[in-house]
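Take a look at the letters that make up each chain.
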Amino acid sequence: MLPGSPYVAYRDARLHVEGCALDDLAARFGTPLYVYSRAAMLAALADYQRALAGREHLICYALKANSNLAVLQLFARAGCGFDIVSGGELERVIAAGGDPAKVVFSGVGKTRTEMRRALDAGVMCFNVESVAELEVLSQVATAAGATASVSLRVNPDVDPRTHPYISTGLKGNKFGIAHDEALAAYRRAASLPGLAVQGIDFHIGSQIVDTGPYLDALDRMLDLVESVEAAGIALHHLDLGGGLGITYTDERPPSAEALVGALLARIDERGHGKRRILLEPGRSLVGNAGVLVAEVLYLKPSAVRNFCIVDAAMNDLLRPAMYEAWMAIVPCAQRNTPAQTYDVVGPVCESGDWLGRERALAVEPGDRVAVLSAGAYAMSMASNYNTRGRAAEVMVSGTDARLIRDREQPHELFRGEHLL
Ligand code: LLP
């Protein structure tokens, strides 16, 4: 069994996503190639939906994880709202047919231009991260003759026990409003023109594999809800953020159903069961649904290490270089020859350009390999470093494969640049 998704599996020694062999897709669309399983994405969503059935809720997919328009369209049609963090993401949601009235706008550094555009588009709520932002949003809304619905992102100061770069709910992170300053911030919000307090939110980090930190954050948030309401400010929704982890290797995160079930049980226990629930999952909806296919260009043995040089690089998949993230790398066609240990690296001119270290692989030049669980924070973090065009993306459904993003061509990379 491969780690990750049941929709990615070997059949007759050939790696498939649903009913499509990756070698066939690579021959048809070229490499590097991102391939996503539609069924895996919908199954991940269904897991959340089951947990929330019968309760007033909105699942706001955090599109920073994978913002391809076809992915957004899939989730929009399945009833999702969206969690955005930029004006660019808002335009993507609109272009994909998403409903701005189901959008929450997060992020510590919203500009006035982004706020104005979001108000004009009619987003559901601004998740505000500082008192300074409240003041500016009030000015922008007043000038536009609009009312901005707001939720304050509180920083509960709990440790999500994940990579330091992706933990966000600890004192000393740039995110959210400190727990002990939140009541005063709500009072300020309630007093400012152009703002309507709607709810409260937290997001404590990403790739979280325990329920404990969520329950701690929730308890601290509910304490605050009680004191804010005692001050006469009504809160209509609780936004519990995203952050649920996936299996890259041997992680055993709770299922979405189990995690959300535990959170709802605590909410009910504390008498807050009538409130609308918002969630902002990203990785857990798309991460295991995707793979990155690359072709082996060269094998380069050396006295110290063997390198397997492939045509995908850190510009296509930054997570290993940036977080030392471990992502499985497997051949698209299994060979019966003995495996060798390789560092799998790309063509980019950086020693940090590696996709996996010390991996046992039986491969030859011309073979293809797949990096698993690459549906989240992979293509969405891709860059054009070394003037490399970004990879193509394909969505698979059964035996049907659709190109959902063209491979970027060199001339597109310098379009918009000017000679002196
Ligand atoms: N809501 C907010 C306010 C967020 O900042 C994030 C992610 C999410 C929701 C979705 O979190 P998720 O369910 O995907 O964990 N690039 C890193 C992950 C950065 C996450 C940033 N914020 C990685 O590749 O691991």
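Just so it is clear, the model here is predicted, and its values are computed rather than measured. Along each chain, residue indices are assigned from 1 in the same order as the chain's sequence is written. pLDDT decides what is reported in this predicted model: residues at 70 or higher carry local features, side-chain atom pairs at 80 or more are listed and counted, and totals for whole chains, interfaces and linings draw on all residues regardless. Excluding hydrogens and water, the side-chain values take into account all heavy atoms of the structure.

A. A look at the domain arrangement of the protein chain. These domain limits were set by an automatic method or by a database of domain assignments. For the protein chain, the domain assignment lists domain 1 (8–37 + 287–413) and domain 2 (106–281). Spacing between the C-alpha centres of domain 1 and domain 2 amounts to 36 Å. Note on definitions: a residue-residue contact is assigned when non-hydrogen atoms from the two residues lie within 4.5 Å. With 10 residues of domain 1 at the contact, the number on the domain 2 side is eight residues. Throughout, the accessible surface (probe 1.4 Å) given up by two parts as they are put together, summed over both, is called the buried area. When domain 1 packs against domain 2, the two sides together hide about 750 Å² of surface, and 58% of this comes from carbon and sulfur. By the criterion of area lost to domain 2, the three top residues of domain 1 are N288, Y323 and W326, representing 52% of everything that side buries. One speaks of a salt bridge when a side-chain nitrogen belonging to Lys or Arg is within 4 Å of a carboxyl oxygen belonging to Asp or Glu. Here domain 1 and domain 2 share zero salt bridges between them. N or O atoms closer than or at 3.5 Å make up a polar contact, with two conditions inside protein: a donor-capable atom paired with an acceptor-capable one, and, for residues adjacent in sequence, both atoms drawn from side chains. Along the contact surface separating domain 1 from domain 2 lie two residue pairs in polar contact (both at pLDDT 80 or more).

B. Summary view of helix α9 (residues 256–269). Its 14 residues place the ends of α9 20 Å apart at the C-alpha level, agreeing with the 20 Å of an ideal helix rising 1.5 Å per residue. For every residue, the accessible area (1.4 Å probe, protein chains only) is compared with the maximum for its type, and the residue is labelled buried under 20%, exposed over 50%, or partly exposed between those bounds. Comment: elements are numbered from the N terminus, with helices defined as DSSP H or I runs of at least four residues and strands as E runs of at least two. Of all the residues in α9, the buried ones are A256, L259, V260, L263, L264 and I267. Projected down its long axis, α9 carries its buried residues within an arc of 125°, all on one side. Lining the buried residues of α9 we find α2 (38–52), α8 (212–230), β12 (237–239) and β13 (276–279). Of the residues trailing α9, G271 is marked for its positive phi of about 80°. A helix is expected to span 1.5 Å multiplied by its residue count minus one. The arc under discussion is defined with respect to the helix axis, by the directions toward the C-beta atoms.

C. Examining helix α6 (residues 131–143) more closely. Helix length check: α6, at 13 residues, gives a terminal C-alpha distance of 19 Å against a target of 18 Å (1.5 Å per residue), a fit within 8%. Within the sequence span of α6, burial applies to E133, L134, L137, S138, V140 and A141. The elements touched by buried residues of α6 are α5 (112–121), β8 (125–128), β9 (148–155), α7 (182–191) and β11 (195–201). Backbone geometry just after α6 places G145 at a positive phi near 65°.

D. Molecular detail of the site of the ligand. Not every one of the 17 residues close to the ligand is listed here, only the nearest: S206, E280, R319, Y323 and Y377. Interatomic distance of 3.2 Å between a side-chain N/O atom of D83 and a nitrogen atom of the ligand. Working definition of accessibility: Shrake-Rupley area with a 1.4 Å probe, residue cover restricted to the visible protein chains. Considered on its own, the ligand offers 580 Å² of accessible surface; in the complex 91% of this is hidden by protein. Class assignment for the residues of the shell around the ligand results in six nonpolar, five polar and six charged. The rule for a residue being near a molecule or strand is that one of its heavy atoms must lie within 4 Å of it. Gly counts as polar in this scheme, as do all residues outside two lists: the nonpolar Ala, Val, Leu, Ile, Met, Phe, Trp, Tyr, Cys and Pro, and the charged Asp, Glu, Lys and Arg.

E. Up close: the sheet that holds strand β1 (residues 8–11). Strand order in the open sheet made by the three strands is β1-β2-β3, with antiparallel pairing throughout. Looking at strand neighbours, the two that pair on one side only are β1 and β3 (20–21), the edges of this open sheet. As defined by bridge partners, strand β2 (residues 14–17) adjoins β3 across two bridges and the pair is classed as antiparallel. Opposite V17, over in β3, you have C20 as the bridge partner. The pairing criterion for strands is at least two bridges between them, as found by DSSP.

F. Quick peek at the pattern of salt bridges. Under the counting rule described, the total for this entry stands at 24 salt bridges. D268 is paired through a salt bridge with R55; the nearest N and O atoms lie 2.9 Å apart. Here R55 lies in the loop between α2 and β5 (57–62) and D268 lies in helix α9, a separation of 213 residues in the sequence. The partly exposed category is assigned to D268, whose relative accessible area is 38%. Across the salt bridge formed by E133 and K110, the nearest N and O atoms sit 2.6 Å from each other. Taken together, the residues E133 in helix α6 and K110 in the loop between β7 (103–105) and α5 connect sequence positions 23 residues apart.

G. Geometry of the nonpolar core. Nine residue types can take part in a nonpolar core, namely buried Ala, Val, Leu, Ile, Met, Phe, Trp, Tyr and Cys, and a core is a set of them joined through side-chain atoms within 4.5 Å. If you look at the biggest cluster of nonpolar residues, it comprises 104 residues, and the most contacted ones within it are Y61, F75, F126 and L240. Counting residues per element, this core draws most heavily on α8, which supplies nine residues. Both domains that meet at this core, namely domain 1 (8–37 + 287–413) and domain 2 (106–281), each give it at least three residues. Not counting chain neighbours up to four residues away, the residues in contact with F126 comprise F105, K110, M115, A118, L119, L137, A148, S149, V150 and S151.

H. Summary view of the packing of aromatic side chains. Two rings belonging to Phe, Tyr or Trp (six-membered ring only in the last case) form a pair when the distance between their centres is within 6.5 Å. Interplanar angles under 30 degrees mark stacking, angles over 60 mark edge-to-face geometry, and anything in between is tilted. Counted under the stated rule, the structure contains four aromatic pairs. Between Y34 and Y36 the ring centres are 6.3 Å apart and the planes differ by 20°, which places this aromatic pair in the stacked class. Residue Y34 shares its accessibility class with Y36, and that shared class is buried. In this scheme, the term charge over a ring applies when either NZ of a lysine or CZ of an arginine sits within 6 Å of the ring centre and within 35 degrees of the ring normal. Looking at K110, its charged tip hangs above the ring of F105, at a distance of 5.6 Å from the centre.

I. Representation of unusual backbone geometry within the structure. Cis geometry marks the peptide bond from T31 to P32; its omega dihedral reads -10°. Structurally, P32 is set in the loop between α1 (22–29) and β4 (33–37). In the Ramachandran plot, E358 falls in the positive-phi region, its phi being about 50° despite a non-glycine side chain. Tracing the backbone through its elements, the reader meets E358 in strand β18 (residues 354–361). Not every positive phi belongs to a glycine, and S373 is a case in point at roughly 55°. With respect to the helices, strands and loops of the structure, S373 is situated in the loop between β19 (368–371) and β20 (392–397).

J. The environment of G79, seen in detail. With respect to the helices and strands, the residue G79 is situated in the loop between α3 (69–77) and β6 (81–84). Take G79: its relative accessible area is 34%, and that puts it in the partly exposed class. Separated by 53 residues in sequence, G79 and A26 place their C-alpha atoms 32 Å apart. Beyond its immediate stretch of four places on either side in the chain, G79 contacts L58 and K102.

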